[in-house]
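Listed here are the chains, written in short residue letters.
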Amino acid sequence: MPACPTGATLMDRPDGYGIVSRTLHWLMAALLAWQFTSAAARQFLPDTPVEEFFWFSHTSLGFLLFILVLVRGAWALANARRRPDSGYIARLGHLILYAFMVAIPTLSLLRAYGRGRGYSPFGIEIFSRRDNEIESLVELGNTWHGLLGWTLLALAAGHVVMAFVHRKPDGQPVLSYMTKGK
Ligand code: HEM
Ligand code: HEM
């Protein structure tokens, strides 16, 4: 199995996540923290410098998170048989987190397409401007994007609690699967 100079493996192992899974996990956790801060600033501090500071990155960063979750999902599938096994409830919990991480940006991308005003995250044109608006797509995003977003925040909080509470067979919290790898 490929190993990096620190001895950590690239691929996951039953006794710990590999370097790729850990990097994707913690990078996305950090970006999501920023994404939720921007959403909270928009919701609770509208028209303030705080909103201005955080919100400008929301639609671009959301796109990056969308790409990252697809890469991470593919990596998870490729490693499915090698990963630490914390039981089917944990597996189901992780699957639900994935479903939300995919659905939330998908809904906002559909809305951005529906609006027809063009969408260029990081200056890269994904949708060009059109003349017409597709109301059903805009409505779908308006109804669900924020709602599912806040639900993901609550689920992530539950997930963090479980990382400290749930134990490995050796009695240590499962946290070390994601911190030390093996
Ligand atoms: C995983 C990625 C994302 C998360 C977790 C997320 C989260 C959220 C949350 C929680 C809100 C609600 C803010 C409020 O209550 O005012 C929100 C709003 C918004 N988001 Fe995102 N977002 C993500 C990706 C995106 C992307 C990719 C776009 C653009 C294509 C986008 C565009 C917007 C817009 C325009 C709003 C304000 C309107 C609304 O509340 O629906 N978001 N986002
Ligand atoms: C301080 C924050 C966090 C901590 C301490 C933490 C901890 C952990 C731990 C210990 C595991 C391994 C659990 C096991 O296999 O039994 C794990 C896996 C996982 N975590 Fe987190 N986590 C955090 C944030 C997040 C966030 C914000 C998300 C997404 C919303 C997330 C999504 C996942 C997923 C999907 C897995 C399954 C492995 C993977 O595919 O990456 N985590 N986390």
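All of these numbers come straight from a predicted model, not from anything done at the bench.

## Examining the site of ligand 1
Near ligand 1 there are 20 residues, and of these Q43, H58, S108, R111 and H145 occur at the shortest range. With respect to ligand 1, the side chain of Q43 contributes an N or O atom lying 2.8 Å from an oxygen atom. In the model, an oxygen atom of ligand 1 is placed 2.7 Å from a nitrogen or oxygen of the R111 side chain. Elements with a minimum of two residues in the shell around ligand 1: α1 (19-44), α3 (58-78), α4 (88-115) and α5 (135-165). Here the residues of the shell around ligand 1 sort into nine nonpolar, nine polar and two charged.

## Let's talk about the packing of α1 against α5
Where α1 meets α5, the axes come as close as 11 Å, and the angle between the chain directions of the two elements is 135°. Accordingly, the angle class assigned to the pair α1 and α5 is oblique. The two elements α1 and α5 cross, and the hand of that crossing is left-handed. Contacts from H25, L32, F36, A39, A40 and Q43 of α1 reach α5 at G149, W150, L152, L153 and H159.

## Concerning the coordination of the iron atom of ligand 2
Protein ligation of the iron atom of ligand 2 involves H25 (NE2) and H159 (NE2), the donor distances falling in the range 2.0 Å. One can describe the donor arrangement at the iron atom of ligand 2 as octahedral, given that its six donor atoms subtend angles of 87 to 179° at the metal. Of the two residues, H25 sits in helix α1 while H159 sits in helix α5, which places them 134 residues apart along the sequence. Under the relative-accessibility criterion, H159 is labelled partly exposed at 27%.

## A look at the coordination of the iron atom of ligand 1
Ideal coordination angles are 109.5 degrees for a metal with four donors arranged tetrahedrally and 90 or 180 degrees for a metal with six donors arranged octahedrally. At this site the iron atom of ligand 1 is bound by H58 (NE2) and H145 (NE2), with donor distances of 2.0 Å. Here the iron atom of ligand 1 is ringed by six donor atoms whose angles at the metal span 87 to 179°, and the overall shape comes out octahedral. Of this pair, H58 sits in helix α3 while H145 sits in helix α5, placing them 87 residues apart in sequence. Of the residues examined, H58 reaches a relative accessible area of 11% and is grouped as buried.

## Considerations on α1
If you check α1, its first and last C-alpha atoms are 37 Å apart, about what 26 residues at 1.5 Å a residue would give, namely 38 Å. Considered for burial, the residues of α1 that qualify are S21, R22, L24, H25, M28, L31, L32, Q35, F36, S38, A39 and A41. Elements in contact with the buried residues of α1: α2 (49-55), α3, α4, α5 and α6 (175-179).

## A closer look at a nonpolar patch on the surface
Side chains of F44, L45, V50, W150 and L153 sit close together on the surface and give an oily, nonpolar patch of about 450 Å² of accessible area. Structurally, L45 can be placed in the loop between α1 and α2. We classify L45 as partly exposed; its relative accessible area is 38%.

## Topic: the nonpolar core
M28, L32, M101 and L152 are the most contacted members of the largest nonpolar core, which has 18 residues in total. Broken down by element, this core gets its largest block of residues, six residues, from α4. The contact partners of L32, leaving out residues within four places of it in the chain, are L65, M101 and L152. Within the second largest apolar cluster, five residues are counted, among which are F63, L109, A112 and Y119.

## Points about the pattern of salt bridges
For the structure shown, the criterion picks out four salt bridges. Across the salt bridge formed by R13 and D15, the nearest N and O atoms sit 2.8 Å from each other. Classification of R13 by relative accessible area gives partly exposed; the value is 25%. Owing to a relative accessible area of 35%, D15 belongs among the partly exposed residues under this scheme.

Definitions and limits used
Residues numbered from 1 in each chain as written. Chains lettered and ligands numbered in written order. Predicted model: local features only at pLDDT ≥ 70, side-chain atom pairs only at ≥ 80, totals over all residues. Heavy atoms only, no water. Near = heavy atom within 4 Å. Polar contact = N/O pair within 3.5 Å; in protein donor to acceptor, adjacent residues only side chain to side chain. Helix = DSSP H or I, 4+ residues; strand = E, 2+ residues; numbered from the N terminus. Nonpolar A, V, L, I, M, F, W, Y, C, P; charged D, E, K, R; others polar. Axes fitted to C-alpha atoms, helices over the stretch in contact; angles between N-to-C directions. Parallel < 35°, antiparallel > 145°, perpendicular 65-115°, else oblique. Left-handed = near helix turned anticlockwise from the far one by under 90°. Contact = heavy atoms within 4.5 Å. Donors = N, O, S within 2.8 Å, 3.2 Å for Na, K, Ca; no water. Tetrahedral: all angles 85-135°; square planar, octahedral: opposite > 155°, others 65-115°. Buried < 20%, exposed > 50% of the residue type's maximum accessible area, 1.4 Å probe, protein only. Expected span 1.5 Å × (residues − 1). Patch = residues over 30% accessible without salt bridge, like charges linked within 9 Å, V, L, I, M, F, W, Y side chains within 5 Å. Areas by Shrake-Rupley, 256 points an atom, 1.4 Å probe, with all protein chains shown as cover. Salt bridge = Lys/Arg side-chain N within 4 Å of Asp/Glu carboxyl O. Core = buried A, V, L, I, M, F, W, Y, C linked by side-chain atoms within 4.5 Å.

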